[in-house]
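Single-letter residue listing:
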Amino acid sequence: MPTITNTLEIHSLHAKAPGQEILRGVDVSFPRGKIVTLMGPNGSGKSTLAHVLMGQPEFTVTKGQIRWQGKNLLRLKAWERSRLGLFVSFQQPPELPGVNLLEFLATAYKAHHPKANQQKDFDKNLRKALSTLKLPESFLERSVNTGFSGGEKKKAEMLQLLVLQPKLAILDEVDSGLDIDALKLISKTVRSLRSPQRTFIIITHYQRLLQYLKPDIVHVLVNGVIAESGSAALVKKIEKKGYSEYLKVAS
Amino acid sequence: MPTTAADIQRRQINFKDDIDYVYRTPRGLTIETVRKISEQKKEPSWMLDRRLQALKYFLAKPMPTWGADLSGINFDDITYYIRPSERSSTKWSEVPKKIKDTFDKIGIPKAERKFLAGVGAQYESEVIYHNLKEQWTKLGVVFCDMSEAPRLYPELVKKYFGTVIPAADNKFSALNSAVWSGGSFIYVPKGVHVDLPLQAYFRINAPSMGQFERTLIIADEGSSVHYIEGCTAPMYSKDSLHAAVVELVALPNSRIRYTTIQNWSSNVYNLVTKRAIAYENALVEWVDGNLGSKVTMKYPAVLLKGRGARADILSVAFAGRGQHQDSGAKVTHLAPDTSSSIVAKSISKDGGRTSYRGLVRVLPQAHGCRIGVRCDALLLDKRSRSDTYPRMMIENPQATIEHEATVSKISDEQLYYLESRGLTREDAERMIVVGFLEIFAKELPMEYAVELNRLIELEMTGSVG
């Protein structure tokens, strides 16, 4: 298979939520094996882009293409995209009362690895994930996200990431509201999964996380379009100057 | 369409047997029908007298109109008694082959070996198999076909039969009292704890069949017992009627837990009266799972008659297309320091309808009672419906009452979240439903919790198309 198919490519992507256009022609690609950072002011469309990639039905794609691994992602449902190896961590994951976390993880793992001989890896992944995230085994007995603190929710998202080991993971503001120790845990998680086969898209407002996870590529999303792309140096520039220059251009 | 595991499971329950019956009464209900049933059972004349009196009550009472729509029931079209085999066996090998195959498919003898103290299996009107493990017989525990009880244990039957639920209680208890057949009779002697469940399995096979089993459980002082019943029937174009009566007598300091997992096909009218009397410091637990059927009307009840008696009722209903589950609970606090907890959970899908109907009554003399009622309804789509009719009649001002009711929908956000982790929409819905019922499932023995999840899978997948 040609290498090009492993890059996720987005062409002229337009998408709207009911009554509101959010993405207005996004052109960007996410090459395999890279850590890519997506930055931008509030409301610029970062989370929307993440969930349009994942296939959230709330958003309507009005124009454009998303291609990955030789497939037109827009034709696939969220669960099909997930099984292709796409993952988005949620900023505010919903509570699932009564749904046991362990069972949820096992079911999700099985959806990705239906063969019986793959089941033993589940236990292995899970055990390792708990130790990476410093979570007690009793955490698995709880209902998914139900009554979780902000930090526990982020950790539960990371737990899913570690168990599912996706090919492309979008981490949507996993760093917001976390103390420095939790932040280190999350960067440790990402580093432990880092491989030439795996892509990360890190969505963040802050530079903090990027001190621990040095991005290969940085994109700045403003008003639903990519306003600038560059290397890690771009993070420094934004740190100094903020987004005001992009916003002037956009308005 | 590929064949899913759920399809195969549905077929496993939905098969019909081609059976030559030993005896059946002609369709319809007359005095003669009642006499024939009594004659078949060679029962004492006092029981026949009770039956004939009950028939009068049945004929005199109007159809109840306050609950689900019962206008589809045609009493003249029903067969009230079918005897599938010559006798009830205690050896599985003696059960007629076709019937044995039925229960083999459902997994009855296997379950008995593994985790039950005793098993009964009823096919149409008669219990065709009954067995209690020897260790319990030695301790004086009785677990037998109710049909045999008036002859074998006349004193106990005379003393308690019809005392918790009199024939004249309602139209369907009257019907049952007139034509009852089969069911279980259980007596647990003083201080004996039957620590493995006793199980009965009820199967309707014939079309337009009426099944009227009658169960009486007596837990003597300081004893305990857990009884589980499961029910199924295959699908026919004609409706069947299941009108059981279940009476529990929990003597002082005893404990009875009664668990039901009902999965009737969607052509069965399921109209069951279940009631317990709890004496001093006794505990009665109804764990009642209602899946399937066309119409269910069932409100497990407890009369808290002795000081410190407790009632714990957990009721779950799942209504799919064309189904109405009208269920709930009733508790009457007759004595001081009694407490009750009612948790009702319902799920409606594909235009199905659930109703919670509850009545909690506290009489003036019942000082210091505690009452908790919680009803949660989950609607899976816009066409489905859920109603709540919680009644409280509190005649003692000191009662502590907590009441909570919620109606919720599965949110798009929850579904998308699960789908984004690789679960199909169906799997996502099922996972949320199973989570909603978790409080119920964890009260079941492991094997039944697994069975419940399997049944939910059937309900969730079988309703489309």
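Predicted, not measured: the structure shown is a model, and the values here were computed from it.

Draft legend 1. Quick look at helix H5 (residues 150–164) of chain A. Residue and element names in this part refer to chain A. If you check H5, its first and last C-alpha atoms are 22 Å apart, about what 15 residues at 1.5 Å a residue would give, namely 21 Å. Among the 15 residues that make up H5, 11 are buried, leaving the element largely enclosed by the rest of the structure. When we look at burial in H5, the residues that qualify are Lys153, Lys154, Lys155, Ala156, Glu157, Met158, Leu159, Gln160, Leu161, Val163 and Leu164. Along its buried surface, H5 packs onto strand E6 (86–89), helix H3 (101–112), helix H4 (119–133), strand E7 (168–172) and helix H6 (180–193). Remark: glutamine 165 follows H5 within two positions and exhibits a positive phi of approximately 45°.

Draft legend 2. Looking closely at the domain arrangement of chain B. Residues and elements named next belong to chain B. According to the domain assignment, chain B contains domain 1 (15–411) and domain 2 (412–465). On the side of domain 2, 21 residues touch domain 1, which itself brings 24 residues to the contact. Looking at the side of domain 1 that touches domain 2, the elements that each hand over two or more residues are helix H5 (108–115), strand E13 (255–264), strand E15 (283–292), strand E18 (310–319) and strand E20 (339–348). Split by residue class, the side of domain 1 that touches domain 2 holds 15 nonpolar, 5 polar and 4 charged.

Draft legend 3. Expanded view of the confidence of the model for chain A. Averaged over all residues, the pLDDT of chain A equals 92, while 97% of them reach at least 70. The element-level mean pLDDT for chain A is lowest in helix H9 (residues 244–250) of chain A, coming to 76, with E6 of chain A highest at 98.

Draft legend 4. Here's a closer look at the pairing of strand E1 (residues 8–17) of chain A. Residues and elements named next belong to chain A. Here E1 runs beside strand E2 (residues 20–30); their pairing, made up of 8 bridges, is antiparallel. Within E2, the position partnered with leucine 8 by the bridge is phenylalanine 30. Relative to strand E4 (residues 60–68), E1 runs antiparallel, the two being bridged by 6 bridges. Note on E4: the bridge partner recorded for isoleucine 10 is isoleucine 66.

Draft legend 5. Quick look at the sheet that holds strand E8 (residues 199–203) of chain A. Residue and element names in this part refer to chain A. Taken in spatial order, the 6 strands of this open sheet run E6-E7-E8-E3-E9-E10, and their pairing is mixed. The two strands at the open ends of the sheet, each matched to only one other strand, are E6 and strand E10 (225–230). On average, each strand axis in the sheet is tilted by 20° relative to the strand beside it, whichever way the strands run. Sheet analysis places strand E3 (residues 35–39) next to E8, joined by 4 bridges and oriented parallel. If you follow isoleucine 35 over to E8, its bridge partner there is phenylalanine 200. Sheet contacts for helix H1 (residues 46–54): E3, E6, E7, E8 and strand E9 (217–222); angle to E6, the most-contacted strand, approximately 145°. Contacting E3, E9 and E10, helix H8 (residues 233–241) runs over the sheet at an angle of about 40° to E9.

Rules behind the numbers
Residues numbered from 1 in each chain as written. Chains lettered and ligands numbered in written order. Predicted model: local features only at pLDDT ≥ 70, side-chain atom pairs only at ≥ 80, totals over all residues. Helix = DSSP H or I, 4+ residues; strand = E, 2+ residues; numbered from the N terminus. Expected span 1.5 Å × (residues − 1). Buried ≥ 20, exposed ≤ 12 C-beta atoms within 10 Å, placed from the backbone. Contact = placed C-beta atoms within 7 Å. Domains from an automatic or database assignment. Nonpolar A, V, L, I, M, F, W, Y, C, P; charged D, E, K, R; others polar. pLDDT = per-residue confidence, 0-100. Pairing = 2+ DSSP bridges. Axes fitted to C-alpha atoms, helices over the stretch in contact; angles between N-to-C directions.

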